[in-house]
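Commentary on secondary and tertiary structure
If you want the building blocks of each chain, they are given just below.
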Amino acid sequence: MANIPATEYRGGVHQRQKDLMLDWYATLDQAAHTADPPTVSMMVSGNCVELLEGFGAVPIYPEVNALQLAIRHQSLEPILAAEDMGYAADNCAYVKADIGCYVKGTTPTGGKMPKPTLLLCNFVGCNTYAKWFEHVATLTGAPLYMLDVPFLRGDQPSQADLDYVVRQLHEVVTLLERLTGRAFDYARFQQAVDWSRQTEEIWSQIKHLSQHVPSPFDAYFDAITLMGPLYVHRAKREGLEFFQAALAEFQQKVDLNQGIYDQEKFRLVFEGPPPYPHFRTFRDMFAKWKACAVASTYSTVGGLWEFGFRHDPERPFESVAMHMLVHNVTNRNYLQRYEQIHRYVKEWKADGIIVHFVKSCRLFSAGQGDMRDYFTKQLGIPTLYIESDIEDPRYFSEAQIKNRIDAFFEALEHSKQAGGHVTREVHV
Amino acid sequence: MELERTFDNLSEILQDLSFGSVRRWKEEHPGSKAVAFFPVYAPVEIIHAAGMLPVGLAGAGDKLDIQHADSRFGSFICSIVKTTMEMGMTNHLDAFDGFLFSSICDSARNLCFVFKRNFPQMYVDFLHLPHNSASPASVDFLDAEYRRIIGELERLGGKRINDAALRNSIDLYNLQRKLVRRLYQFRADSPHLLRAWESYLLTRAGNFLPVEEHIATLEGVLSLLKDRPGKRRDSIRVVVEGSFCEQPPLDVIRMLEAAGCDIVEDDFALAQRWFHGDVPSTGDPVRALAESYVRDAVYSSVRHDFAHPRWEGLADKIRNTHAEAVIMLIAKFCEPAYFDYVLFKKKIEEMGLPHLLLEFEEKLFTFDRLRTEVETFVESLVFD
Ligand code: SF4
Ligand code: SF4
């Protein structure tokens, strides 16, 4: 693939995020050896990392480990180990990779993973989380708390939903006091919530920069790089500083009118997680067309801040609960996802939508055909639907995906030249 | 003869994809509504107390070609999600005024909202059934959630649901569940007198018959069963686990029995015996329903209660019925079942029991491969 342009922007941000993530893994390795600091295993989606700060505890994110494995081409072995235990070919491969690692004692960095002080299953949307955490609990013997977050049925949660989550958060506090032997530091919790508030403000500003034409970064592929610090360090000063630096860097690009390509040709909205095992290859397929993601739903799994939500130090528990209930894409209902994408298309000035169906993840994928129908037939927005997987390298037919992507852009290019929109789905 | 006639009737109703029995009920009750619920469980008492007919959906079996639903729900999605969508898109569900989905899995959840978009004229709701039974907050939450649903049904039906009606409904469904439990007990004691496919028909009938009629049917059958002639067979006693949502084709159940299994327990049409005991019909009925869900529900792959793990529930089933083997009968692409298989398998192995894993789809025309697997399995046990 010789004629592919520089595919991504590699500024200081990328190095800093690497350092931050390595620090995190080093802390986990230390916790594995000395049982200090306490660790809490959580899901990324709608995570409540702020609460952990009240105990000086560090999060473990099994999803981040799983994606690191996949991106480093190390996911197949643990997946196969899990399948040997009886997991099905069609189970979420994130879980299989993680379980496989537990069984084999491996980690993406080669360091050691601590046995979590607490497995805190923040059940936010995905039913697989509940299974995943129960399985890890039976494997490791670590205590499990199932934090049940009512799925968003309407536009907003009810008072009963909010009370339910807040009461459970208090139960988690009591449980962690017992498990860590530490008193909950409310002031530190409040401070963490305030760091989050500030970080979110900056993150939101960053996400709005991609409304600029050309976009200074890719809001799918590059945004994913920034997601690690967002979940691990959001509630800390380091997190805030990291995102301030990132904002400055991207703002400078906007001021200079620099995009990620010499010339940005297409603007896209991405729906669905990426194919981590083939991340680079996949990215190159879009780079070839100088197509830049200006927004993505996947970058809002951990939190959806670009539409205004901020944590609130005056109401720390309530705002943590609201974040878990409403302000992350996983706990929002499917039609709210349609709205979110539609808003991106309009306000971020996109030419089309890429729906990436991943086999592992029914939370994202079940019904994406209906989504395609909505965008193409009802709204007339060019939409490409492709299938592979987030973690399992075996489900990626490179030639077929490439053909579909090429055909999509050819049609898009054609219609752009003709001055109109492609108002039909591109069938290949 | 009378028994056979009952089974034939039920099997006919069950195959009627246009829900003629529901349409008839609506004709007999002018102005009344029917509300369908997607498996596994729904508080039918509330729907009943609203003067509506609660109907449990169970897919379309092998009776419907998927022509439209595949474009909405593509690869790697279980059959029941697709056949339910297909039924909706082909007007098979027109007898219903509303649909209730719940927090069982990601596919079913998204189906709820796809339904909302595609059938905007219908009342479509999502019930969040709690997954944290250990927390006292769960009951308060579910209590509020049920009251929310009550408000919606009152709007739909145009009349209030009062406590007396709700208590009456609770009594009726308690009786229904008691009779179903009795049926299961009878079958576990005398599998030669009541086959699993027969008890399956009877149980599943509770999905679509008005509860009063279902009760009468169950009572009638139970009274006839005692005198049914039959000889004990040389079969192995098995528990069938894993079909809690999408239902296996009736012929698969027959096939298991023909291959030499006495199915002494299963999790088919689980809603019909969702609670261990009765829901109290004294005091606040909404609260009683919520408390029963949190504290007294049977285990199921779509309900999470880590303090009372599902695999221990399965172990109890095995012990109580003196089963000799387990058949894991799982709907293809059913993720909750796939996950639970791993922990169930571990438990079964710890107990020293053999098990067989089978996957099915609603549309399964040839059972040859399945049959061979089951026969080999049974033979290996009989000649062990
Ligand atoms: S199903 Fe999807 S959201 Fe759930 S754990 Fe798997 S990849 Fe994550
Ligand atoms: S069969 Fe399984 S995957 Fe399908 S809707 Fe039911 S619980 Fe969900």
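Residues numbered from 1 in each chain as written. Chains lettered and ligands numbered in written order. Predicted model: local features only at pLDDT ≥ 70, side-chain atom pairs only at ≥ 80, totals over all residues. Heavy atoms only, no water.

**Considerations on the overall build of chain B**
What counts is decided by this rule: Strands are runs of DSSP state E lasting at least two residues, helices are runs of H or I lasting at least four, and both sets are numbered from the N terminus onward. The reference for a compact globule is 2.2 Å times residues^0.38; the radius of gyration itself is calculated from the C-alpha atoms. We call a residue buried when its accessible area falls under 20% of the maximum for its residue type, exposed when it is over 50%, and partly exposed in between, using a 1.4 Å probe and counting protein chains only.
Looking only at helices and strands, chain B features 14 helices and 8 strands. Computed over C-alpha atoms, the radius of gyration of chain B comes to 20 Å, within 12% of the 21 Å expected from 2.2 N^0.38 for 384 residues, which places it in the range of a compact globule. For the C-alpha atoms alone, the extent of chain B along its principal axes is close to 65 × 50 × 45 Å. In chain B, which comprises 384 residues, the proportion classed as buried is 66%.

**Brief notes about the sheet that holds strand β2 (residues 58-60) of chain A**
Residues and elements named next belong to chain A. For the record, the criterion: Pairing between strands requires that DSSP locate at least two bridges from one strand to the other. Think of each axis as a best-fit line through the C-alpha atoms, taken over the contacting stretch in the case of a helix, with angles from 0 to 180 degrees between the N-to-C directions.
As summarised here, the arrangement of the 4 strands in space is β2-β1-β3-β4, forming an open sheet in which the pairing is parallel. Unpaired on one side and paired on the other, β2 and β4 (144-148) mark the two borders of the sheet. In this sheet, neighbouring strand axes are inclined to one another by 30° on average, regardless of whether the strands run parallel or antiparallel. In this structure, strand β1 (residues 39-41) lies alongside β2, joined through 3 bridges in parallel fashion.

**Some words on the sheet that holds strand β7 (residues 352-358) of chain A**
All names here are of chain A. Put simply, the rule reads: Pairs of residues are marked as contacts when any of their non-hydrogen atoms sit within 4.5 Å.
Pairing is parallel in the open sheet, where 4 strands are placed in the order β6-β5-β7-β8. Only two strands of the sheet have a single partner each, and these edge strands are β6 (291-296) and β8 (383-388). With direction set aside, neighbouring strand axes in the sheet form an average angle of 30°. Where strand β5 (residues 266-271) lies against β6, 5 bridges are found, and the strand directions are parallel. Bridge pairing in β6 places phenylalanine 270 opposite serine 296. The strands that helix α13 (residues 334-347) touches are β5, β6 and β7; relative to β5, the one it contacts most, it runs at about 170°.

**Quick word on the interface of chain B and chain A**
Short version of the rule: Defined in terms of a 1.4 Å probe, buried area is the accessible area two parts forfeit on being brought together, summed over both. Salt bridge, as applied in this entry: a Lys or Arg side-chain nitrogen positioned within 4 Å of an Asp or Glu carboxyl oxygen. Contacts described as polar in this section are N or O atom pairs within 3.5 Å, which, within protein, must combine one atom able to donate a hydrogen with one able to accept it, while residues neighboring in sequence count only if both atoms come from side chains.
Contacts between the two partners involve 49 residues from chain B, matched on the other side by 54 residues from chain A. When chain B packs against chain A, close to 4500 Å² is buried across both sides, 57% of that on carbon and sulfur atoms. Interface area lost by chain B to chain A is led by Phe76, Arg117 and Phe339 of chain B, which between them contribute 17%. Linking chain B with chain A are 9 salt bridges. A salt bridge links aspartate 370 of chain A to arginine 72 of chain B, with the shortest nitrogen-to-oxygen separation between them at 2.8 Å. Across the chain B-chain A interface, the total number found is 34 residue pairs in polar contact (both at pLDDT 80 or more). Mapped onto the side of chain B that touches chain A, the elements with two or more residues apiece are α5 (106-118), α6 (137-157), α12 (310-320) and α13 (335-350) of chain B.

**A short note on the site of ligand 2**
This is how the line gets drawn: Here, proximity means that at least one heavy atom of the residue falls within 4 Å of the molecule or strand. Charged means Asp, Glu, Lys or Arg here, nonpolar means Ala, Val, Leu, Ile, Met, Phe, Trp, Tyr, Cys or Pro, and polar covers whatever is left, Gly included.
Every one of the 13 residues lining ligand 2 counts as a neighbour, but Phe38, Cys78, Cys105, Cys245 and Cys334 of chain B are closest to it. For the shell around ligand 2, the residue count by class is 11 nonpolar, no polar and 2 charged.

**Remarks on the pattern of salt bridges**
Taken as a whole and assessed by the stated rule, the structure comprises 71 salt bridges over all chains. As a salt-bridge pair, arginine 177 of chain B and glutamate 45 of chain B come within 2.9 Å of each other at their nearest N and O atoms. With a gap of 132 residues between them, arginine 177 of chain B in helix α7 (residues 163-189) and glutamate 45 of chain B in helix α3 (residues 44-49) connect regions that are remote in the sequence. Among the residues examined, arginine 177 of chain B registers a relative accessible area of 2% and is labelled buried. Judged by relative accessible area, glutamate 45 of chain B falls into the buried class, the value being 0%. Here the salt bridges share partners, and the residues they tie into one network are Arg167 of chain A together with Asp140, Asp143, Arg147, Asp284, Arg287, Glu291 and Arg295 of chain B.

**Focus: the domain arrangement of chain A**
Residues and elements named next belong to chain A. To keep things clear, this is the line we draw: These domain boundaries are the output of an automatic or database domain assignment.
Here the domain parsing of chain A yields domain 1 (6-185) and domain 2 (189-418). When each unit is reduced to the centre of its C-alpha atoms, the spacing between domain 1 and domain 2 is 22 Å. Listed by partner, the interface residues are 68 residues for domain 1 and 62 residues for domain 2. Counting each side, the surface lost to burial between domain 1 and domain 2 is near 5300 Å², with a carbon and sulfur contribution of 64%. Viewed at the interface, domain 2 and domain 1 are joined by 5 salt bridges.

**Structural notes on helix α14 (residues 368-382) of chain B**
Residue and element names in this part refer to chain B. Quick note on the threshold: In a helix, the anticipated span is given by 1.5 Å times the number of residues less one. Directions pointing from the helix axis toward each C-beta atom define the arc.
With 15 residues, α14 extends 21 Å between its outermost C-alpha atoms, agreeing within 8% with the 21 Å of an ideal straight helix rising 1.5 Å per residue. If you check which residues of α14 are buried, you get Leu370, Val374, Phe377 and Val378. The arc that holds every buried residue of α14, seen down its axis, measures 95°, which confines them to one face.

**Thoughts on the packing of aromatic side chains**
How two aromatic rings sit relative to each other is set out by the distance from centre to centre and by the angle between their planes. For the record, the criterion: Note on aromatic pairs: the rings of Phe, Tyr and Trp (six-membered ring only in Trp) are paired at centre separations within 6.5 Å, and the planes decide the class, stacked below 30 degrees, edge-to-face beyond 60, tilted for the rest. Lysine and arginine charges are scored as sitting over a ring when NZ or CZ, respectively, is within 6 Å of the ring centre and within 35 degrees of the ring normal.
Counted according to the given criterion, the structure contains 59 aromatic pairs over all chains. Taken together, a centroid distance of 6.1 Å and an interplanar angle of 70° make the contact between phenylalanine 221 of chain A and phenylalanine 282 of chain A edge-to-face. On the criterion of sequence distance, the pair formed by phenylalanine 221 of chain A in helix α9 (residues 221-232) and phenylalanine 282 of chain A in helix α11 (residues 279-287) is long-range, its members being 61 residues apart. Accessibility assignment for this pair places phenylalanine 221 of chain A and phenylalanine 282 of chain A in one class, buried. Seen from their ring centres, tyrosine 374 of chain A and phenylalanine 375 of chain A are 5.0 Å apart, and the 70° between their planes marks the pair as edge-to-face. On the basis of relative accessibility, which here comes to 0%, the residue phenylalanine 375 of chain A falls in the buried class. Looking at arginine 273 of chain B, its charged tip hangs above the ring of tyrosine 184 of chain B, at a distance of 3.5 Å from the centre.

**Notes on the nonpolar core**
One recurring pattern in soluble globular proteins is that nonpolar side chains are buried together. For clarity, the cut-off: Residues grouped as a nonpolar core are buried Ala, Val, Leu, Ile, Met, Phe, Trp, Tyr and Cys residues, joined through side-chain atoms within 4.5 Å.
Judged by nonpolar contacts, the single largest core of 173 residues is most densely connected at Phe96, Phe99, Tyr146 and Leu153 of chain B. In terms of residue count, α7 of chain B provides more of this core than any other element does, 10 residues in total. Among residues more than four places away in sequence, those in contact with phenylalanine 99 of chain B are Val35, Ala36, Leu57, Leu93, Phe115, Met122, Tyr123, Val124 and Asp125 of chain B. Grouped together as the second largest cluster of nonpolar side chains are 124 residues, Trp132, Val165, Ala223 and Met227 of chain A included.

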